[in-house]
Amino acid sequence: MRLCHSFASVFALCVLQVALAHAHVSLPGVAMFTTGGTIQSKGADRQKLMEYNSGRVTPRELLEDLPELKQIANVTVTEISNIGSGGMTSDLELKLAKAINAELAKPEVVGAVVTHGTGTLEETAYFLNLVVHSDKPVVVVGAMRPFTAVSRDGPFNLYNAVRVATSPRARGMGVLIVLNDEINAARDTTKTNTYRMETFVARDLGPLGYADSDRVVFYRRPLYRHTAKSEFDVSALTALPRVDVTYAYQESDGIAIDAFVGAGAKGVVLTGGDADAVKRGQAKGVVFVQSDRKGAGRVVTSQRQLERGVVTADNLPPHKARILLRLALTKTTDPLEIQRMFNEY
Amino acid sequence: MNRSLGTKWPALLAAALLAQPVVAQEIPKYAPPPAVPADKSALPNIVLMSMGGTIASRGGDRLNITNYGRGFPRVNPEDWYQDLPELQGIANLTLEDQRAPENRPSGSETHEDFARVAKRLSELAADPRVDGVVVTHGTNTMAETAYYMSLAVNTDKPIVFVGSQRPWTGLSGDGPRNLYDAVRVAASKQAWGKGVLHCMNQFIHTARDVDKTSAYRVDTFRGVDVGALGFADPDKVVFYREPVRRHTTTSEFAGHDYPSLPKVEVAFAYRDAPAYLIDAMVANGVKGIVIEGTGAGSATTGQTEAIKRAQEKGVVVVMTARTQGGRVQDTPRRREANIVPGDNLLPEKARILLQLALSKTTELAEIKRIFDEY
């Protein structure tokens, strides 16, 4: 009887293993890239929500922490960096973009997930939105609370990011940002709060959909050009043109603009700006883009701006206008052509 | 009631002058309207249809922005045209009056009115001379009417709902700019195929997702959960998003007339909400009930018992949430209880979808599919 029982157990175990192995084979492949950020940070104790530089979480730890991922995807990990998002550079971004393009070209990979610090997450996400050439979902994810914290948001964010990356409905939506159960478009989403978990918001336009427990659901499709329809190609690039941003306030003058031009900037994004300094920069071939510091609404194209040769940024915030301008400057310095790009991306 | 201004403009002008308003619209005259192009043949042909609303109302004086309407003559479509000559620069307008009779108080529209307008919108959609339609409507229930049209009218052409928060006579009234922008959106090639739209306060929203969120502020219309599709800005009409859910040309409900629809009511959930309101709905012959549940979609114990009794009589029950945001999800418990999750539809819109669904089927699986797709 005991023998029979153990036979049965062994048999059951074998069946289970075969089933698991089989499930493993048929699961969709997700290429994960880790760059660091709060989602990969450790605090000295579990109540530390802001001082959490007591160690880094390796990609392996991240996956071991979340065995549930094995039930929904075959996740392979590439470590790009393990830094806070303030340290992100265009070198790393180029490396990341090229690695994503290479992975997404593989037929067994259905989507990509990128972990990132939240401070500049939206910048990397928008950059990828312009230079990843694939309809496959690319999901950028982070956390507002460190890996070690009580009520940390990272694990569910990561789980949802992988779910969205495997969702056929997410194809062709451009690069997505998934935190707090919300699926947001890379272009339109900005961090709006320093510590709250609902920080990523697309002002005016709202999320595209939700990663809810019953399903991944979409209500909106973005219309501006991105990913597979983007004309920007970084495959042969090793650096990007220097572009800086000036902040406008009462009595702000042209000193910053002159300094940026002197430092070799090829483009400057304005949130206000001294007209004479702009003219001096333009005389040296620098391209200027007018954005705004309010965080919502469009800079409309006016006759006056066209006459000044200043490109308008549509509703891109200054830090995202900077990314589009850098990529635009890899192709042209003609303000009219750059204006077309700002109208389309 | 369909009048082409192309041929009857002088007569209309005379009529409009005779019907001079009690108080003229407060449109600043310090800057003149821009010149109207001499050749209007290239302009799109837009039908401006009035279903009334605050935008078609007058107050006794221009500071009266709450107590207008009754006792003052209504604003006729011709008055808009006269007050806003700029409209002639952006479209060839045809005016159409689909208001309820004057002796009926505002808010008294019934399904008969909606069915009539839906039929008329379908006719206009089929008319090759029409490029788009603007419908004015009172703001309180305009999102419901617009959602019904987005399900019932089969067209790629823009249908844009518009209203105002302040009467046509109000100081700093939002009506003129809203009307102008709505015509611009209806005239925009980019607005084609995006379903029935809503344009006020320079935001372009979908009929499905827009909601009135404030009683008097001019920024009252917001997207529930999801935001605007785009903006009617001074330089251009611009779209950033298109809706994914089915509507107009992909709606299985479009292209039919619905002289009447199955009776569906909404039951609100709150602490101690009783069973007897739901029992009364069933006794009055409802075919469906939408619960406006608490939190993620819950009813009280009493309501839950009444729901079971209702379901035994074949009544279909849909669960929505009173949170005004977030989805009611498909959970095992809800499947067991045969309750259809209302997704993120507001209860009043879930009611409309359930009415249309029940006009085709009473099968739960099929109704669940419909709530997943629309």
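Residues numbered from 1 in each chain as written. Chains lettered and ligands numbered in written order. Predicted model: local features only at pLDDT ≥ 70, side-chain atom pairs only at ≥ 80, totals over all residues.

Participant: I'd love a proper account of the interface of chain A and chain B, names of residues and values included.
Facilitator: At the interface, 21 residues of chain A touch 21 residues of chain B. At the level of elements, β10 (216–218) and β11 (220–222) of chain A are the ones that each hand at least two residues to the side of chain A that touches chain B. The element best represented in the side of chain A that touches chain B is β11 of chain A, accounting for 3 residues. When the residues that make up the side of chain A that touches chain B are grouped by side-chain class, the tally is 11 nonpolar, 3 polar and 7 charged. Where β11 of chain A meets strand β12 (residues 241–243) of chain B, 3 bridges bridge the pair, whose relative direction is antiparallel. Bridged to proline 222 of chain A within β12 of chain B is arginine 241 of chain B. (Contact = placed C-beta atoms within 7 Å. Helix = DSSP H or I, 4+ residues; strand = E, 2+ residues; numbered from the N terminus. Nonpolar A, V, L, I, M, F, W, Y, C, P; charged D, E, K, R; others polar. Pairing = 2+ DSSP bridges.)

Participant: Talk me through the pairing of strand β4 (residues 132–136) of chain B; I want residue IDs and the actual numbers.
Facilitator: Residues and elements named next belong to chain B. With respect to burial, β4 is a largely interior element, 5 of its 5 residues being buried. Neither face of β4 is exposed, since Gly132, Val134 and Thr136 on one face and Val133 and Val135 on the opposite face are all buried. Pairing of strand β2 (residues 45–50) with β4 involves 5 bridges; the strand directions are parallel. Along β4, the bridge assignment pairs valine 47 with valine 133. Here β4 pairs with strand β5 (residues 159–162) via 4 bridges, running parallel. In the sheet register, threonine 136 faces β5, and the bridge partner there is valine 162. Running through helix α4 (residues 142–152), the crossover from β4 to the neighbouring parallel element β5 is right-handed. (Buried ≥ 20, exposed ≤ 12 C-beta atoms within 10 Å, placed from the backbone. Right-handed = clockwise from strand over helix to strand, strands pointing away.)

Participant: Describe the sheet that holds β10 of chain A, listing the residues and the values that go with them.
Facilitator: All names here are of chain A. Spatial ordering of the open sheet is given by β2-β1-β3-β4-β5-β6-β9-β10, a layout of 8 strands whose pairing is mixed. Edge positions in the sheet fall to β2 (74–83) and β10, since each has one partner strand and no second. Direction aside, the axes of adjacent strands within the sheet are offset by 25° on average. Summarising the sheet, strand β5 (residues 176–179) and strand β6 (residues 182–185) pair through 4 bridges and their orientation is antiparallel. Across the sheet, the residue bridging to valine 178 is isoleucine 183, located in β6. Sitting on the sheet, helix α4 (residues 121–131) touches β4 (138–141) and β5, and the angle it makes with β4 is about 170°. (Axes fitted to C-alpha atoms, helices over the stretch in contact; angles between N-to-C directions.)

Participant: Explain the domain arrangement of chain A to me, using residue names and the numbers behind them.
Facilitator: Residues and elements named next belong to chain A. Domain parsing of chain A yields domain 1 (13–229) and domain 2 (243–344). Taken over C-alpha atoms, the centre of domain 1 sits 31 Å from the centre of domain 2. Every contact between the two is made by 9 residues of domain 1 and, on the other side, 9 residues of domain 2. Of the residues forming the side of domain 1 that touches domain 2, the biggest block, 4 residues, is contributed by α4. In the side of domain 1 that touches domain 2, the residues fall into 4 nonpolar, 1 polar and 4 charged. (Domains from an automatic or database assignment.)

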